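Observations on chain architecture
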Amino acid sequence: MKSTLILNACVVNEGEQRTCDVLIKDGRIEAIANDLKHETADRVIDATGLHLLPGMIDDQVHFREPGLTHKGDIASESAAAVAGGITSYMEMPNVSPPTLNMDELEKKFARAAERSVANYSFYLGASNHNIDEIRAVDPTRVCGVKVFMGASTGNLLVDDPEALDLIFRDCPILIATHCEDSGMIDANAERISEQYGGDVPVEMHPVIRDVEACYASSSMAVALAKKHGSNLHVLHLTTEKELALFTAGDLAGKRITAEACVHHLWFSDRDYPERGNRIKCNPAVKAQSDRDAIREAVRNDVIDVIATDHAPHLLSEKEQPFMQAPAGLPLVEHALPMLLELYHQGVFTLEKVVQKACHNPAIRYQVANRGFIREGYAADLVLVDLNAEQQIQDGSVRYKCGWTPFAGERFRARICQTFVNGVAVFDGTQVIANTDAAQELRFER
Ligand code: DOR
């Protein structure tokens, strides 16, 4: 395998920035030092003026394979991910058939081994009836068990209180939850539908999927985790009210953690008139005050991880009336540039972006040997230019669905190069579809 020498990059890692050189050899970070320019390497990159980050580890994506591949697939969406500086992802079970047992999981691992450009792992889905599969899961291979405590895309709802209790009691690995109370949402939907007749506007999405539905479900998850001492990660928080359920502080000491997603950090209910169903997602984008509270919770470490919840749907599906349009947004290609734009806007420091999007997913999931720029670690790296503005447009995205919720936005940062296990899989313009580079994630548990 080729060696690469990156000279003069500003390395953002573990709470600091330092201009230095990085030598990559045999897929690993061989050396990090102030002066490596005399080392020999197959390829030398002068990274003066650029920043080098650990590749983002996205703990929540929907790549739609098997069964929903008209919306996206492992090859197309992992290519978009590396173009966005994401080097590892953990993929969700609401595909067709759903990933509810080891057979389906193994098929996904096999497909990814053939087609993925980024490193990968897959969640086992929970149902009302698969507790035995959950108990038997291999903690070193499966990133987590996904529990839909509220219905979303697909039909993976766990709504039997006894089944939920058993899952929280017996699950041997991290439980990742989607928290929204379906009963409350159904009641809201009925009330709002009556009010508007057949034609409910998209602005009603956060009224139907409201703060109280999120809070009721998240507080139930946290209560169950406290009761059983479970390892709980509540996905995509969207409301200020839920934040009180979580504690600030160092991730290392926590068993109950929270995630925020990039679209909830960017959009607010003020964007519905312009963006419409393109920002319809579950949980819903809520008030600006909620978005600002989520940003603050990232800063003060109540929220531990930033991910995408990349969930592509076709534009033709999105163009249906609000109540029929599916929820979910394609995000992996622009998530990191968007977070770097928030850095430019003074919302987050660069160190905070790296902590939440790169280090903390590795710590939270106990990912072996990734998530940091350290000697001996896998060379999953991303070189970014913080001052190369790009205008985001539907026409240039790599997603199979061919559109982006950020169309029209200007982001000041660009991804220049992405390395997966030392292999340059994106050169700033093109994804070099090298499916030999990607590896299955392993977990030190
Ligand atoms: O908006 C969403 N879309 N939220 C989810 O939980 C699922 C996702 C999807 O799979 O489309």
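Here's a quick rundown of the structure. Quantities reported herein were computed from a predicted structural model and do not represent experimental measurements.

Once that is clear, we can look at the sheet that holds strand S7 (residues 86–91). If you walk across this open sheet you meet the three strands as S6-S7-S8, and the pairing is parallel. If you trace the sheet from one side to the other, it starts and ends with strand S6 (56–61) and strand S8 (119–122), each paired once. When the angles between neighbouring strand axes are averaged without regard to direction, this sheet yields 20°. As paired strands, S6 and S7 are joined by four bridges and run parallel to one another. Note that in S7 the partner of Val 61 across the bridge is Glu 91. Contacts from helix H14 (residues 350–365) reach S6 and S7, with the element oriented near 65° to S6.

What follows covers the site of the ligand. Neighbouring residues of the ligand: 14 residues in total, closest Arg 64, Asn 94, Thr 153, Asn 282 and His 313. Asn 282 has a polar backbone atom sitting 2.8 Å from an oxygen atom of the ligand. Contact distances for the ligand include 2.9 Å between an oxygen atom and a side-chain N or O atom of His 313. Its free accessible area being 290 Å², the ligand has 100% of it covered by the protein chains. When the residues that make up the shell around the ligand are grouped by side-chain class, the tally is four nonpolar, eight polar and two charged.

If you walk through the whole model with that rule in mind, you get ten aromatic pairs. On the basis of an interplanar angle of 80° and a centroid distance of 6.5 Å, the ring pair of Tyr 89 and Phe 122 is categorised as edge-to-face. Highlighted residues: Tyr 89 in strand S7 and Phe 122 in strand S8, separated in sequence by 33 residues. You'll find Tyr 89 and Phe 122 in the same group, each marked buried. Taken together, a centroid distance of 5.3 Å and an interplanar angle of 85° make the contact between Trp 266 and Phe 411 edge-to-face. Remark: Phe 411 occurs in strand S17 (residues 410–411) and Trp 266 occurs in helix H9 (residues 262–266); sequence separation between them is 145 residues. One exposure class covers both Trp 266 and Phe 411, and it is buried. When the ring centre of Phe 148 is taken as origin, the NZ or CZ atom of Lys 146, which lies over that ring, is 3.7 Å away. Directly above the ring of Phe 372 sits Arg 374, whose terminal nitrogen or CZ lies 3.9 Å from the centroid.

The strand order across the open sheet built from six strands is S9-S10-S11-S12-S13-S14, with neighbouring strands paired in parallel fashion. Each end of this open sheet is capped by a strand with a single partner; those strands are strand S9 (124–125) and strand S14 (305–307). Contacts between helix H4 (residues 161–170) and the sheet are confined to strand S10 (145–148), strand S11 (175–178) and strand S12 (232–234), with S11 contributing the most and set at about 145° to the helix. The strands touched by H14 are S11, S12, strand S13 (256–261) and S14; relative to S14, the strand with the most contacts, the crossing angle is about 110°.

You can see Leu 53 is positioned in strand S5 (residues 51–54). Beyond its immediate sequence surroundings of up to four residues, Leu 53 is in contact with Val 12, Leu 336, Val 354, Ile 373, Asp 380, Leu 381, Val 382 and Val 384.

So, on to the side chain of Lys 280. Summarising the element assignment, Lys 280 is placed in the loop between helix H10 (272–275) and helix H11 (288–299). Discounting residues that sit within four places of it in the chain, Lys 280 has contacts with His 205, Lys 318, Phe 322, Met 323, Ala 325, Pro 326, Ala 327, Gly 328 and Leu 329.

Next up on the list: the state of the cysteines. Under the criterion given, the structure shown has zero disulfides. Cys 143 forms no disulfide, and the closest cysteine sulfur to it belongs to Cys 171, at a distance of 11 Å. You can see Cys 261 has no disulfide; the closest cysteine sulfur is in Cys 281, sitting 8.6 Å from it.

Definitions and cut-offs
Residues numbered from 1 in each chain as written. Predicted model: local features only at pLDDT ≥ 70, side-chain atom pairs only at ≥ 80, totals over all residues. Heavy atoms only, no water. Pairing = 2+ DSSP bridges. Helix = DSSP H or I, 4+ residues; strand = E, 2+ residues; numbered from the N terminus. Axes fitted to C-alpha atoms, helices over the stretch in contact; angles between N-to-C directions. Contact = heavy atoms within 4.5 Å. Near = heavy atom within 4 Å. Polar contact = N/O pair within 3.5 Å; in protein donor to acceptor, adjacent residues only side chain to side chain. Areas by Shrake-Rupley, 256 points an atom, 1.4 Å probe, with all protein chains shown as cover. Nonpolar A, V, L, I, M, F, W, Y, C, P; charged D, E, K, R; others polar. Phe/Tyr/Trp six-rings, centres within 6.5 Å; stacked < 30°, edge-to-face > 60°. Buried < 20%, exposed > 50% of the residue type's maximum accessible area, 1.4 Å probe, protein only. Lys NZ or Arg CZ within 6 Å of the ring centre and 35° of its normal. Disulfide = S-S within 2.5 Å.

Keep in mind that these numbers describe shape and distance, not what the molecule does.
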